[in-house]
Structures are given as structure tokens and as C-alpha cells.
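# Descriptive structure summary
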Amino acid sequence: MSLLIGSVSIPASQVVAALTGGEVERESWRYIILESRLPQTVTAMLCGASLAASGLMLQTAFRNPLAGPSILGITNGASLGVAIVMLVTGGTLTLQVSDVGMFLAGSLAVVVSAFIGAVAVIALLLLASTIVSSNLMLLIVGIMISYLVSSVVSMVHTIANADNIQSYVLWGMGSFNNVTLEQLPLFTALTLVGLLQAVLLIKPLNALMLGDEYARNLGVNVRRVRRWLLLSTGLLTGISTAYCGPVAFIGLAVPHIARLMMRTADHLTLMPVTIVMGAVVALLCNVISVLPQHSVLPLNAVTPLFGAPVIIYIILKRN
């Protein structure tokens, strides 16, 4: 559906022909499929999988069903890193300059700064978790960190020029269309590294569900596991946020969808199902966002349609 549906109507046979290297009636159709819809579809799958896996790891690590990259301020941390680069130095993720070297340097700076911002917030949350025992209090700490980061971003706006502010505002609406075909290999490689780390953490995550002491008795190095969780979640959230904007609700809601489907807490089942469901939900959001003719809905106007009802159900169910 994501490859077939868009603002330009293209017959399904022509889409298949473009993807398989066959004859296409219009060269513009081939360009739309290969240069726009294909990267957009792959990006949606990888971004959805990344945010969903991050949400599952955070909910397990903090033992809080409402933990997620957007709720705990991790997405905002990545956004702060992006804001500093885009608003102050003029870094960009779209090829708007004639010097390719400048473009690559600016793009890499945006990605690295997003990763650093996400990891910094996770580190603060892990530090807070050693002081605050209540999951509710930890959630409030995360929300307060999110407010603080948003305040800093607003301050950065005051020293940016109009063009940089416009680029940042458009990026902040969320879109799977920011990754070009040339950028797709790097985006894919970094995302797969983060997802591989998440899969390797399945066994320690199962142990952490029962508490740190129990995990230590099973031979799990809790400090090392939290460090790897920090890096994995930071990488997945940072990369997704840098390229696609601060996408909301997918990381929070999809792990619960997986739990409702599989009715198990075993990460050996939950992790792969969560990754797949994250990709599916992101693709559905992408399809809905391009349904209006001659316009595209902001991604963050669509994701709450899936996420908000799930979270309301979980809150009501847990009383």
C-alpha cells in the first residue's frame, strides 16, 4: 500500500515494473517510485521498528508501562541535539547546498547530535532511577526533563535565522520522506545495528523484569546491561528522530499492542513481534498521511490515531 498510494496515481503494474527494472510508461513514475516511495517505505519500516523496540526496552528497564521515548523526554533530548545543529550551525538533512561535502558533514552532525542528546537524557533517567524508587515519580522526572529540554529549544530559536527555523519546524512535524535513496544505506545500517543490540538484550531484559537483585543472582551484569540498553535505545531513538523528526506514540503504544496480541511477557516473543508491529503501524501511518490528494498530512497528526486509544485502554485496564 505504501508503494502504491500517493499524491500521484500510478497503476500497480507500473509500480511493479519500476521495482523490477521493467518498462515504465512514464519516466517520472519510475523516479517517484524509486526515489521517493521506496526510500519512504523502507524508512517507515525501520523507524517504526526502532521506536517500538526502544519503547519495549524502556518499559522493561524502568518497569513502567507508560515509559517511552517521547514520554520520558528521550525524543526531546534528540530534538535538542538536532535543534542546536539545525538552528545554530545550519546543518541539514536535505540536499540544499551545491557542495556535497558540506551536505554530508551537516547531515552527519545532525545524526550525531541527536544520538548524544538522546543518550544524555537516558543517562539522567538511569541516574534518577537509582534515587527515586517510585515508577510514577520517575515518570514525572522524565516529563520534567522533557519540559526543560523544550525550554532550551525555545531559547535556541531566538538566536536562529528565519530559514533555519522554518527547516526545524517542518522537521518537527515528522515525516518518513526525509531519507533519500543515497542516505538510505547509512540509515539502514545504523538502525540494524541498534535493532541487533536490542535482540541481543532479550535474555537480560527477561531477568530485569524480576528486579535487579534477581538478575544479579542469575549471573546478569546489571550495570553492563543498562549501559548497552542506554546505547541501543539512544542509537535507535537518535537515528529515527534525526531523520524522521520527533515521532510520537509509536514507541509508547506498540509494545502494548504486541503484549495484547501475544499475551506474554517473554521478550523472546515480545521483541520480534514488537519490531514487526512497529514497522506495520508506521507503514499504516505513512499511508494515511499521503491519502489526501495534492497534500501530505504531518506524521505527528496521524500517529495519535493509533497510539492514544491504546494508551487510554491500558490506563483504564490497569485502573
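Note that the coordinates shown come from a computational prediction; the quantities given were computed from them, not determined experimentally.

Here we take up the packing of helix α1 (residues 12–20) against helix α2 (residues 27–61). The axes of two packed helices give the description: the angle between them and the distance between them. It is the contact of α1 with α2, at a shortest axis distance of 9 Å, that shows an interaxial angle of 75°. If you check the angle between α1 and α2, you find them roughly perpendicular. Only Trp29, Arg30, Ile33, Leu34 and Leu38 of α2 make contact with α1, whose side of the interface consists of Gln14, Val15, Ala18 and Leu19. Residues belonging to the contact of α1 with α2 are distributed by class as follows: seven nonpolar, one polar and one charged.

Right, let's get into the packing of aromatic side chains. Taken as a whole and assessed by the stated rule, the structure comprises two aromatic pairs. For the ring pair tyrosine 168 and tryptophan 171, a centre distance of 5.2 Å and an interplane angle of 35° mean the geometry is tilted. With tyrosine 168 and tryptophan 171 both in helix α6 (residues 162–172) and three residues apart, the pair spans about one turn of that helix. The burial state of tyrosine 168 is the same as that of tryptophan 171; both residues are buried. Ring geometry for phenylalanine 187 versus tyrosine 243: centroids 5.2 Å apart, planes at 75°, classification edge-to-face. Separated by 56 residues along the polypeptide, phenylalanine 187 in helix α7 (residues 184–200) and tyrosine 243 in helix α10 (residues 222–244) bring together distant segments of the chain. Overall, the relative accessible area of 1% leaves tyrosine 243 in the buried class.

Turning our eyes to something else, we now look at the side chain of glutamine 14. Along the chain, glutamine 14 turns up in helix α1. Within polar-contact distance, the side chain of glutamine 14 engages the backbone nitrogen of glutamate 25 at 2.8 Å. Sequence-distant contacts of glutamine 14, defined by excluding residues within four places in its chain, comprise Glu23, Val24, Glu25 and Trp29.

With that settled, consider the state of the cysteines. All told, the structure shown has zero disulfides when counted by the stated rule. Unpaired in terms of disulfides, cysteine 47 finds its nearest cysteine sulfur in cysteine 244, a separation of 3.8 Å. For cysteine 47, a relative accessible area of 0% gives the class buried. Unpaired in terms of disulfides, cysteine 285 finds its nearest cysteine sulfur in cysteine 47, a separation of 10 Å. Given a relative accessible area of 1%, cysteine 285 falls into the buried group.

A few words now on the nonpolar core. Within the largest apolar cluster, 84 residues are counted, with the highest numbers of intra-cluster contacts made by Met57, Ile74, Val82, Tyr168 and Met271. Examining the composition of this core, we find that eleven residues originate from one element, α2, more than from any other. Setting aside anything within four residues of it in sequence, one finds tyrosine 168 in contact with Ser79, Val82, Ala83, Met86, Leu87, Val153 and His157. With seven residues, the next largest nonpolar core counts Ile10, Ala17, Ala18 and Trp29 among its residues.

Turning our attention to the environment of isoleucine 143. Mapped onto the elements, isoleucine 143 comes out in helix α5 (residues 135–157). Relative accessible area serves as the criterion here: at 31%, isoleucine 143 is assigned to the partly exposed category. Linking isoleucine 143 and glycine 73, residues 70 residues apart in sequence, is a C-alpha distance of 6.2 Å.

All right, on to α2 then. Helix length check: α2 (35 residues) gives 50 Å between terminal C-alpha atoms against 51 Å at 1.5 Å per residue, within 8%. Within α2, the axis deviates most sharply at arginine 37, by approximately 35°, and proline proline 39 lies no more than four positions further along.

Below, the discussion takes up α7. Along its 17 residues, α7 runs 24 Å from first to last C-alpha, staying within 8% of the 24 Å computed at 1.5 Å per residue. Among all positions of α7, only Leu184, Phe187, Thr191, Gly194, Leu195, Gln197 and Ala198 are buried. Down the axis of α7, the sector holding all buried residues measures 165°, keeping them to one side. Of the exposed residues in α7, those oriented more than 90 degrees away from the buried face are Pro185, Leu196 and Leu200.

It is worth spelling out the packing of α7 against α10 at this point. It is the contact of α7 with α10, at a shortest axis distance of 9 Å, that shows an interaxial angle of 150°. Between α7 and α10, the angle is such that the two are roughly antiparallel. Considering how the two elements wind past one another, α7 and α10 form a crossing that is left-handed. Across the interface between the two elements, Leu186, Phe187, Leu190, Thr191, Val193, Gly194, Leu195, Gln197 and Ala198 from α7 touch Trp228, Leu231, Ser232, Leu235, Leu236, Ile239 and Tyr243 from α10. Grouping the constituent residues of the contact of α7 with α10 by class yields twelve nonpolar, four polar and no charged.

Applying the stated criterion across every chain, the model contains one salt bridge. In this structure, glutamate 27 engages arginine 30 in a salt bridge whose closest nitrogen and oxygen atoms are separated by 3.3 Å. Taken together, the residues span about one helical turn, with glutamate 27 and arginine 30 both in helix α2 at a distance of three residues. Using a relative accessible area of 18% as the deciding quantity, one classes arginine 30 as buried.

Calculation notes
- Residues numbered from 1 in each chain as written.
- Predicted model: local features only at pLDDT ≥ 70, side-chain atom pairs only at ≥ 80, totals over all residues.
- Heavy atoms only, no water.
- Axes fitted to C-alpha atoms, helices over the stretch in contact; angles between N-to-C directions.
- Helix = DSSP H or I, 4+ residues; strand = E, 2+ residues; numbered from the N terminus.
- Parallel < 35°, antiparallel > 145°, perpendicular 65-115°, else oblique.
- Contact = heavy atoms within 4.5 Å.
- Nonpolar A, V, L, I, M, F, W, Y, C, P; charged D, E, K, R; others polar.
- Phe/Tyr/Trp six-rings, centres within 6.5 Å; stacked < 30°, edge-to-face > 60°.
- Buried < 20%, exposed > 50% of the residue type's maximum accessible area, 1.4 Å probe, protein only.
- Polar contact = N/O pair within 3.5 Å; in protein donor to acceptor, adjacent residues only side chain to side chain.
- Disulfide = S-S within 2.5 Å.
- Core = buried A, V, L, I, M, F, W, Y, C linked by side-chain atoms within 4.5 Å.
- Expected span 1.5 Å × (residues − 1).
- Bend = angle between axes of the 7 residues up to and from the residue.
- Arc of directions from axis to C-beta.
- Left-handed = near helix turned anticlockwise from the far one by under 90°.
- Salt bridge = Lys/Arg side-chain N within 4 Å of Asp/Glu carboxyl O.

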